[in-house]
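Descriptive structure summary
So you can see what is in the structure, the chains are spelled out below.
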Amino acid sequence: MVSIHKTDSITPFQLILIATTTIGLNNHVFAVSPLIREVGRDSWMTVIITMLLMMLWIPLLIYIHKKTNRQPLFEWLKESIGKTATNILTFIFISYLIVMAEFTLRETITWISILFLPETPVFLITFLFIFTCWQLAITSLRTLNILNIFLLFFITILGFFVSFANIQHKNFMLLLPLLEHGYQSVLSGTIYQAAGISEIFIFLLLQHKVQKPLNWRHFVSIILILTILTIGPLVGAIIEFGPTEASIQRFPPYEEWGLVSLGNFVEHVDFLSIYQWLAGAFIRLSLLLLLMKELLPTKTDKLKNKYLFGFSLIIAGLVLVPISDFKFSYLTANIILPGTFLFFFSFSLLISVLVMISSRKKRRSTYEI
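All figures in this text were calculated on a predicted structure; none of them were measured in a lab. (Residues numbered from 1 in each chain as written. Predicted model: local features only at pLDDT ≥ 70, side-chain atom pairs only at ≥ 80, totals over all residues. Heavy atoms only, no water.)

A few points about the packing of aromatic side chains
Which entries qualify depends on this criterion: Planes of paired rings set the category: under 30 degrees apart is stacked, over 60 is edge-to-face and the rest tilted, where pairs are Phe, Tyr or Trp rings (Trp by its six-membered ring) whose centres lie within 6.5 Å. To sit over a ring, a charge needs its Lys NZ or Arg CZ within 6 Å of the ring centre and within 35 degrees of the ring normal.
One pass over the full model with this rule turns up 28 aromatic pairs. Taken together, the ring pairs connect F30, F103, W111, F116, F251, Y254, W277 and F328 into an aromatic cluster. Over the aromatic face of F328 sits the side chain of R106, whose NZ or CZ is 5.2 Å from the ring centroid.

So this is what it looks like as structure tokens:
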């Protein structure tokens, strides 16, 4: 039987909206700079190619979703491979979720400190932000969903606003010539876009909280949305600043806000981007913490919340470890983003193999009877 948590369930559409905010921050902000640095003016082609390649991954995710009968994924693993092996996988998965949360929080705190709170102690911003995320994570997925719908509405409006407001600064000729450095450079950047799209694996982690079965339309929809979320600021940065200038910018999507002006009397509206980034980071970090809570084998919510608070302190502590911004940018492009893709893709392959073995065992036992 499929066990759906009716008091804390969401629809597939609401899950897509949550993924749009959480994964979208990665694709819309974090992946843009490495993409432009690696590929240059042809990076938009990289995004399209990655979308087509990642579509081939969808059947594998649907196969896992159907064969695990929409159970909590790690509960299904416990039944299939035993408690010890599942606990090891749980530890590995939670550890990587902590890394993802630390990466998101560090990028957010760096941006906050550089741009509008340079005199505020970093530890204070860090602990206040992660504490707020922890407060949301210990509520429920439904609460997070309601808040996400409200925040995402204004994030979307502001995204269209900055895009249309900067039409006067856009020079589409900067996208030419095509394939300036050949096909190899275009393919070399696919790992950065794939890192974000691979995070749709969270659909499977939350499958027991979704009211209806997921199908190919849900996965295709979110991949298309994430592709658009990357192409928007990516092309915008290239045609507004040129590929050379855009490649040396730390946060190209934010720099696009600096160009916005309404006539001769309204300028400096880049403060609106603060809402966009903080709202996205807030939902993303809260969801990562909520996923950690879901994966914990402990039964009582009170104990889970205590563990989650401990994870939050670990994340904050990692953020406060002194690493230069140049070194962290290098780690992002060469380790964190490629590692994210390899982690989720490898985990999906592992689960699919276990599902296949489990299905064969069930078939054999049925024939024997």
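Don't stop here, the text continues.
Some words on the nonpolar core
Going by this rule: Buried Ala, Val, Leu, Ile, Met, Phe, Trp, Tyr and Cys residues form a nonpolar core when they are joined through side-chain atoms within 4.5 Å. Throughout this description, buried means an accessible area under 20% of the type-specific maximum (1.4 Å probe, protein chains only), exposed means over 50%, and partly exposed covers the range between. In this description, contact between two residues means that some pair of their heavy atoms is separated by no more than 4.5 Å.
With 107 residues, the main nonpolar core has F93, F201 and M292 as its most contacted residues. Here M292 is in contact with I94, L97, I98, A101, L308, F311 and I315, once residues within four sequence places are set aside. Within the second largest apolar cluster, six residues are counted, among which are L158, V162, A165 and W257.

A short note on a nonpolar patch on the surface
For clarity, the threshold we go by: Patch building starts from residues that exceed 30% relative accessible area and form no salt bridge, then joins like charges within 9 Å and nonpolar side chains (Val, Leu, Ile, Met, Phe, Trp, Tyr) within 5 Å. Note that accessible areas follow from Shrake-Rupley with a 1.4 Å probe, and for residues the cover is restricted to the protein chains shown. One speaks of a salt bridge when a side-chain nitrogen belonging to Lys or Arg is within 4 Å of a carboxyl oxygen belonging to Asp or Glu. Under the scheme used here, helices are H or I runs from DSSP no shorter than 4 residues and strands are E runs no shorter than 2 residues, and both carry numbers assigned from the N terminus.
Side chains of V122, F123, L124, F127, L128, F131, F309, L313 and L320 sit close together on the surface and give an oily, nonpolar patch of about 770 Å² of accessible area. In terms of residue count, the dominant contributor to the nonpolar patch is helix α7 (residues 122-137) (six residues). Note on placement: L124 falls in helix α7.

Points about empty space enclosed by the protein
What counts here: The distinction between a cavity and a pocket rests on a 1 Å grid over the protein atoms alone: a 1.4 Å probe fits inside a cavity but cannot get out, while a pocket stays open yet meets protein on both sides within 12 Å along at least five of seven lines, and a residue with an atom within 4 Å of a point counts as lining. Grid points are joined across faces, edges and corners, and a volume is the space filled by probe spheres set on the points.
In the structure shown here, the tally under the stated rule is three cavities of 30 Å³ or more. Taken as a whole, the largest cavity encloses approximately 70 Å³ of empty space. V29, F30, S33, P34, R37, E107, R250, F251, P252, S329 and T332 are the residues that line the largest cavity. Those elements that place two or more of their residues in the lining of the largest cavity are α1 (12-30), α2 (32-39) and α17 (325-368).

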